Every structure is written in C-alpha cells, then in structure tokens.
Amino acid sequence: MPHKIGFVVVSSSGHEDGFSARELMIHAPTVSGWRSPRFCQFPQEIVLQMVERCRIRKLQLLAHQYMISSKIEFYISESLPEYFAPYQAERFRRLGYVSLCDNEKTGCKARELKSVYVDAVGQFLKLIFHQNHANKYNIYNQVALVAINIIGDPADFSDESNTASREKLIDHYLGHNSEDPALEGTYARRSDYISPLDDLAFDMYQDPEVAQIIRKLDERKREAVQKERYDYAKKLKQAIADLQKVGERLGRYEVEKRCAVEKEDYDLAKEKKQQMEQYRAEVYEQLELHSLLDAELMRRPLDLPLWPLARSDSPRHQKPVPSLPQLEERGTENQFAEPFLQEKPSSYSLTISPQHSAVDQLLPATDPHPKTNAESLPYDERPLPAIRKHHGEAVVEPEMSDADISDARRGGLSGEPEPLTEKALREASSAIDVLGETLVAGAYSKTWSYREDALLALYKKLMEMPVGTPKEDLKNTLRASIFLIRRAIKDIVTSVFQASLKLLKMIITQYIPKHKLSKLETAHCVERTIPILLTRTGDSSARLRVTAANFIQEMALFKEVKSLQIIPSYLVQPLKANSSVHLAMSQMGLLARLLKDLGTGSSGFTIDNVMKFSVSSLEHRVYEVRETAVRIILDMYRQHQASILEYLPADDNNTRKNILYKTLFEGFAKIDGRATDAEMRQARRKAATEEAEKQKKEEIKAVQGQLAALKEIQAEVQEKESDAVKPKNQDIQGGKAAPAEALGIPDEHYLDNLCIFCGERSESFTEEGLDLHYWKHCLMLTRCDHCKQVVEISSLTEHLLTECDKKDGFGKCYRCSEAVFKEELPRHIKNKECNPAKPEKLANRCPLCHENFSPGEEAWKAHLMSLAGCTMNLRKTHILQKAPALQPGKSSAVAASGPAGSKAGSKIPTPKGGLSKSSSRTHARR
C-alpha cells in the first residue's frame, strides 16, 4: 500500500539565507520551506534522495503565495556511483512537468497545493524550477517551495504484484467489484489506497505531536478491524476525528506564537504557550480517562520511530529500520512497551472546545517566516539540528559526557555499513591499519547516520586510550583520526559536520595535552584542517557558515593553537578573484574579530600583512567585503596611527574621488580630533546662510522704511491740501500736467485705494479690501503652495530657495535657474527637457510658464497682466473678466478716473524684490 516516503536533500543550486532546501524535510504548520537566492539565474534545481528505492505514486507540492515558479520539471534516477559524485543530468530520466497558477485571482494571498500522480521507480528525485511569475510582491524575482511530499511504496519486494493479483482473483470468485462505491476509500479492499494521514495537507495543518498520536491510533484501529473488535475500532475512529480538530487548533496556536515572537510581543507569545500547554493537558487527560493514551503515545516525536520509512502493512516491515543515534538529555534510557488496550463497553467521546470554521486556503497567506522547532518532529525527519531544547529551558548546546558517548549508539543502526570499495580501501589504507576496517567503513558509508556513529565511536576510543600508551601508537591514531576528520568536515550533513568539529576540539584540547604530545602534532591537526574549514565558511547554508567561522575563531584562541600563530597566516592570504561571496565575507569577518581578540603583537598578525590584505580587499567586487576592509583599516589606525598611512595613497583630491578612500581619510580625521571636509563644508554653508539671513533682514528693514516714508508723504500732502497751488487752466490733453509730473509732485490722494503692485485703483481698496486683493486677485502676486505666503511672482524662485519654510527641499537647476524638488532634481537635470534661462540682463524668467521675455520691471506687468502674456497665471481669467485688460506701461494709471487719473502716471519707487517681499510677509498665513 502506498505510504509517505522519507527523504533527505542532497543538493540544491542555492538558497536565501535562512531558507535552505533542507527545510523541505520538515512538515509542520510553521515551516518556511525553500527559497531561491535573490535575483538568481534560472533554472534552479533541488535533488532529493529517498530512504530506499521506491515506486513513486504521488507527488505533492505546496507553492509559495507569491514566489511562484511558472513551471516545475521532475526527473528520477535509480542510483549514483559515489556519494559525492556530481549529479549529472544524463543520469536522470525526465518524468514531465507541472505548471503553477500565477495566483492573481487571490491577490497572492493563498498557496496552491499541487498533486501529481506518477508511476516511476528510483531513489533520486530532481526538481527543476523555471522563471518565476512576476507580481508586485516578488521584488527579487525568487521562486520558493513551502513543502514537498512523496507517496509511494518500496520497489524491491517481489510479492506485491502477486498479492494484488491474489486479491483480485478472490474478489472475482466472491463476486466483488473493486470499483464498488461501497468499498471506495477502504484501505482493506484496495492495494493502491493512500491514507489521508499521509497527505501533505494533514501534516501542514496538524500539531506534530498530535499527528503522531493520530497515526498510532489509526494503526490500532486497523488492527482492531482485522481482529473484528468493532466497538473498539469505533471508539478509536471517534478519537481520531476529534484529535484532528485538536491538532489543527494547536497548529494555529503555534503559528500565532511564532508570529508574536517575530514581532517581539513576548507577552502574547507566553500567553499562547500557556494556552497550548493547558489545552494539550486537558485533551490528554480525557484520552487517559478512556484508556486511549499510554506511555508510547505520550512520547515526544523525538523518541518516536521513523514512521515514514516503514509501515506495518509493508512486506519490508520486518527488516531493520535505520534511525539516528540519539543523545538523550536524561541519564537513563526509557524503554516503552506498547500495552494491549482492553475493550471498554462504554462509548467514547472526546470533549473539545468549539472550533473556528475551516479556512478556505491550506495555510494563512501571511508569511511570518517562523522557523519550525525541529524537536517537535520525528527524529529522522528533522534537518539534523545542532542543538537540543529542554522543556521550559533556554536553548543550550549539549556537552557530551563519557556516559553520553557510551550510550551514543543507543538508537543507532541495527545493521552494518556497506563494505569499502577498492578505491576507498586504497585511499584509507593507513587509517584502516590503525583504526580498523569497521570504523573506517562507517566513516565512508553512504548513510549519514553510519558516518556520524563512526565519529562518535572514534571520540569514545580516543577518550578511553590509557596514559601509558606508546607515543608512536598515539601519533598514528591521531593522524588517522585527522584523516577521517578532514573527510567529515566536507560532509554536507550538519550532524556529521558538527561531530567532526567536536572530535577535532577534543583532540587539540584534551587528547594531545593528556598524552603530552609535542606541538608538532597540534600543528599537524591545525594545518590539515584549517584550509577545509575556511572553505566551509563559504557554504551555501548560513548555519554551516556560522558554525565553521565560530569554530575557527574558537580554535584560534585555544592556548595550544594560539602560540603556533598558524590561523592568522591563513586569514591574511589575498582573496581570490573567483572566490565565492560568502567565503570572502567570512574571511573578512574572521580577520576583523580575531584582530580584536589577538591584536598585532606576537599573534601572527602584523601591521604589514594585515594592511596589505585590507588595502587589496578595498578593490573587491563585493560591497560588504570593502566595508569590512575599511573598518579593519580604521581599527588599525586607532592603534598604530601614522604607520598605517604608509600603505595608503596620498591624501589629495584625486584620491578622495574614490569614496572608500574618502571615508578612510575622514575617519582618520575623526580619530585625530580634526574637522573633516564634510564638517568644514557644513560650517561654511552655515556661515553663508547666516550672512544671507542678515542681509535679508537688512533689506526688509529698508523696505519697511520706504513704506513708512510713503505714508509720511501722503500725510503731508493731506495737511497741505488747502495750501496747494493748483493750475488755473488745465489743459484737456494734460499738457500742463507734465511738468508737475516731471518734478515728481505726488497727488494728495494718489495712494488712496491703489494696489502698488499691479496699479489697479478701486473704491473697495480699503485696508481690508487691499488685503483681500493681495490674497486672491492681484495679477502680480501669488500664494506659495508650500508655506501659503503671498509673494511676488517675479521673486517666487528666490522665495522657494531662500525664504520658504520648505526651502531645504528645493534645489536650483543650473540650466533653467528655477527651483526644483531635490528628489526630482537629478532626473530633471539628466532629461534636459527644461527651457534654458538667459542672463538676467538679457531677459526675465517666468516661474509659472517657464518662458524668457524682455528684461525690466515693466516687462513683468506686460507678461503677467496682458492677454498675450503668461498663460499659466491662474488669477488672470478672473481679473480680466472683472476689468479691462491693462495696457503695458500704463498699469499705474488704469482704473483711475477724474482729475486724479491724469496724475497717476507718476512712479512710486518700488525696488525690485524689496517692496514685494515686505508685502508678502505682511500678508502671511491666514
């Protein structure tokens, strides 16, 4: 009968940090799955190795809600010649492909579960992901896969077809039809029946611990049916149905708890945790009341056997089932025996709290990116975590005691590793002579758990070696161990890699000092392993990179290794041009950290080798590497000052064109307490701004004085009205008025009811009326859209650059001389679409219509007030409908009538930019 097939990820073309392909080995509500690197090249691929040679019946893929591949291809292969052999395309047979929906209809808020029915035999499955669907959320053009499920049955047993044929023959003679609807969905009558518990949707909804209990109860239900214990089977069926709702609810709680942790809302996370524990305890208590919960079902998934690998109904069930060696946190080993459950005459009903209505989508569209706790899943389905977690305690790295090591193989493999090949025998002949063929065969095994067991056994052997052992035997054992450690450091499985690091640490810090071996043996250990460890710092897996880098730093600080000064010499070797990005970044990070720990005195680091390496790294193609090199150089300058400048070019304008060198020299200035160029420029700008403000205030004061003088003139004229000499015979043409105008004698009512900007005169121009005119109607004025002040149109650009409250947001275009938003200024200058401005002496520049016109003050009135002038003056339409258009050169006389109108031609001195600025401040925000 087809069932869920376990697998491991053996290869992937790449992944984003924190979203490794090995996440696909976990099925739980909180998994994040695999994501391709940002802006990756397509196609991307992942290679999976199933636990045994299988006949695949069904594949299930859970796609991401917006990182969706347009097409996924499937390839299968029988076997590979070597464990580390490259996965050549010609070794795989193409099965076909599936296309995924672009998810536009759901707004990228649902995940697509795609099921593919196939019939193929093999052990290696390759998935190829093609170009992603474009949408507004997928800004880095990534593809992702949340989960994959493989359903099939072992392909090696030969009685499967015979059994199926026998069942069909019996059904034929009994008159049963295999297609009978009454038998549909019953596993007992169909050899191709797939249990709903093996479906991907079950694991992605359910709490992992409850899911294991459900599976165990389902097995007991089938056994009860076979034994015709139908009352007991009915009770188990009801319990399974209720537990599925319980598992879904606990799964939702877990997702909510992880979201709260991501948001750092730890009060909510604590509340969700307590809610889960209380609810779980209540459910388990009810199960115990009905004798459905025993010691075996109460085991955490960590202690459960590898359920995807073997089934009770599989002909291969009697074969040894491989499992991982478990390092128990407790001192004793718990043995669980499955008790025989007695039937109870009473009916069973599990009381649960009311559930929310089922959601339409398989998983919530929100992607909180929580990481699944690997401890809550079956041991062999976890991505080989490096840490354990006690219930209610902080996560700590377990220290292996002698008792732990002696029990290390306690859940290990019951079989033996495969024999060594001829190539392996030749390669490891010296290690075989010292350690034995069995241990070396385990280290060379294709099964990762055998390789881990071999390292643990070697750890135990070295720890138990007596002190009086001959030196030659100790040295031979050490060198053979280093040979196996070198191989294990290259391993792609995390637990094997970590076991190799633990063994290497023990050899350096315990084995060599215990047996009083010379420094040559310590140097041999470091020199043989450090190059490979440095290579692993460039691994595609972020966890492996961090683990390798941390171990190198730790090893460099061992008192046995520190005096040898070996590791610093490797870290200052120049970066290769073709080295990976991660490798370069890790080497720079290690150098920076170890420099702080070791310094440059008798540590292997010198001013010369560190500076040469750092200066060469300034030219690296990766930004993070260059930034780290800058930090290292600045740290070196703090310690050694002038000695560092010998390795850098001269501090001049050409050198400072390079932003990195500019940053360095400014950093040197800060360290020395000197002002940087940026600070000096800022000080100059501040002084210039203060000077401009001072001049502006002086101009305002002068304009205010002019206004006061005009008012005084008007008052004097009114006082001398009776004494004024008027012409006896006025010329109709105004011929005799010209001399008076030429003398500049003002009319006594000249400033009454007059706008000094546009020259319009109106009886409504009282003090309040003029305010309204300036604010809404004057053709020569406008309101600033940013500060709401009324300013002259001719000085609008100057206002935006120097006076406006938002002046810091504007810059001046050197082509058109107008004020432009600083955010748009680079594009404005680059496009060169603006009309170039002419010199001020040759032409005026209108900030409304962006046109050049003749120079002079009168030209502004002609441009802004005439019909043929500015087309963008929004006040013109209203004013022209109210009064006839003003003629150029006569604006100060228009709208005047009677005798006063004949004298309106006299000019009022209004310095450019002076009177208008004062007016704009007088009529500010309302």
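Residues numbered from 1 in each chain as written. Predicted model: local features only at pLDDT ≥ 70, side-chain atom pairs only at ≥ 80, totals over all residues. Heavy atoms only, no water.

Some remarks on the confidence of the model for the protein
Logical step 1: For the protein, mean pLDDT is 75; residues scoring 70 or higher make up 72% of the total.
Logical step 2: The lowest-confidence element of the protein is helix α30 (residues 898-902), averaging 33 in pLDDT; the highest-confidence one is strand β3 (residues 34-35), averaging 94.
Logical step 3: pLDDT under 50 marks residues 299-414. Its contacts with residues more than four places away, or in other chains, come to 253 contacts.
Logical step 4: Confidence over residues 728-745 falls short of pLDDT 50; this stretch has 5 contacts with residues more than four positions distant or in other chains. (pLDDT = per-residue confidence, 0-100. Helix = DSSP H or I, 4+ residues; strand = E, 2+ residues; numbered from the N terminus. Contact = heavy atoms within 4.5 Å.)

With respect to the pairing of strand β7 (residues 113-129)
Logical step 1: Taken together, the 14 bridges between strand β4 (residues 44-63) and β7 define a ladder with antiparallel strand orientation. Each residue of the ladder has a partner; that of I46, found in β7, is L127. (Pairing = 2+ DSSP bridges.)

Description of the state of the cysteines
Logical step 1: A full pass over the atoms with the stated rule returns 0 disulfides.
Logical step 2: Cysteine C758 is unpaired, with the sulfur of C755 as its nearest cysteine sulfur at 3.5 Å.
Logical step 3: On the basis of relative accessible area, C758 is assigned to the buried category, the value being 2%. (Disulfide = S-S within 2.5 Å. Buried < 20%, exposed > 50% of the residue type's maximum accessible area, 1.4 Å probe, protein only.)

Description of helix α13 (residues 519-536)
Logical step 1: Helix length check: α13, at 18 residues, gives a terminal C-alpha distance of 26 Å against a target of 26 Å (1.5 Å per residue), a fit within 8%.
Logical step 2: The sharpest bend along α13 comes to roughly 35°, located at I530, with the proline P531 sitting one to four residues further on.
Logical step 3: Regarding α13, the residues found buried are E521, T522, A523, H524, C525, V526, T529, I530, I532, L533, L534 and R536.
Logical step 4: Contacts from the buried residues of α13 go to α11 (471-489), α12 (494-514), α14 (542-556), α15 (559-562), α16 (567-571) and α17 (581-598). (Expected span 1.5 Å × (residues − 1). Bend = angle between axes of the 7 residues up to and from the residue.)

Notes on the packing of α11 against α13
Logical step 1: Closest axis-to-axis distance for the α11/α13 pair is 10 Å, and the angle between their directions is 5°. Relative to α13, the element α11 lies roughly parallel. For the pair α11 and α13, contact is made by K475, L478, R479, I482, I485, R486 and I489 and by E521, H524, C525, R528, T529, I532, L533 and R536, respectively.
Logical step 2: Taken together, the residues of the contact of α11 with α13 break down into 7 nonpolar, 2 polar and 6 charged. (Axes fitted to C-alpha atoms, helices over the stretch in contact; angles between N-to-C directions. Parallel < 35°, antiparallel > 145°, perpendicular 65-115°, else oblique. Nonpolar A, V, L, I, M, F, W, Y, C, P; charged D, E, K, R; others polar.)

Some remarks on the pattern of salt bridges
Logical step 1: According to the stated counting rule, one finds 28 salt bridges in the structure shown.
Logical step 2: For the salt bridge of E16 with R38, the shortest nitrogen-to-oxygen distance reads 3.3 Å. With E16 in the loop between β2 (7-12) and β3 and R38 in the loop between β3 and β4, this residue pair connects regions lying 22 residues apart in the sequence.
Logical step 3: Given a relative accessible area of 14%, E16 falls into the buried group.
Logical step 4: With a closest N to O distance of 3.4 Å, D608 and K612 form a salt bridge. With a gap of 4 residues between them, D608 and K612 both fall in helix α18 (residues 607-617), about one helical turn apart.
Logical step 5: A residue is classified by how much of its surface remains accessible, and K612, at 52% relative accessible area, is exposed.
Logical step 6: Through salt bridges with shared partners, a single network forms among R55, R57, D119 and D153. (Salt bridge = Lys/Arg side-chain N within 4 Å of Asp/Glu carboxyl O.)

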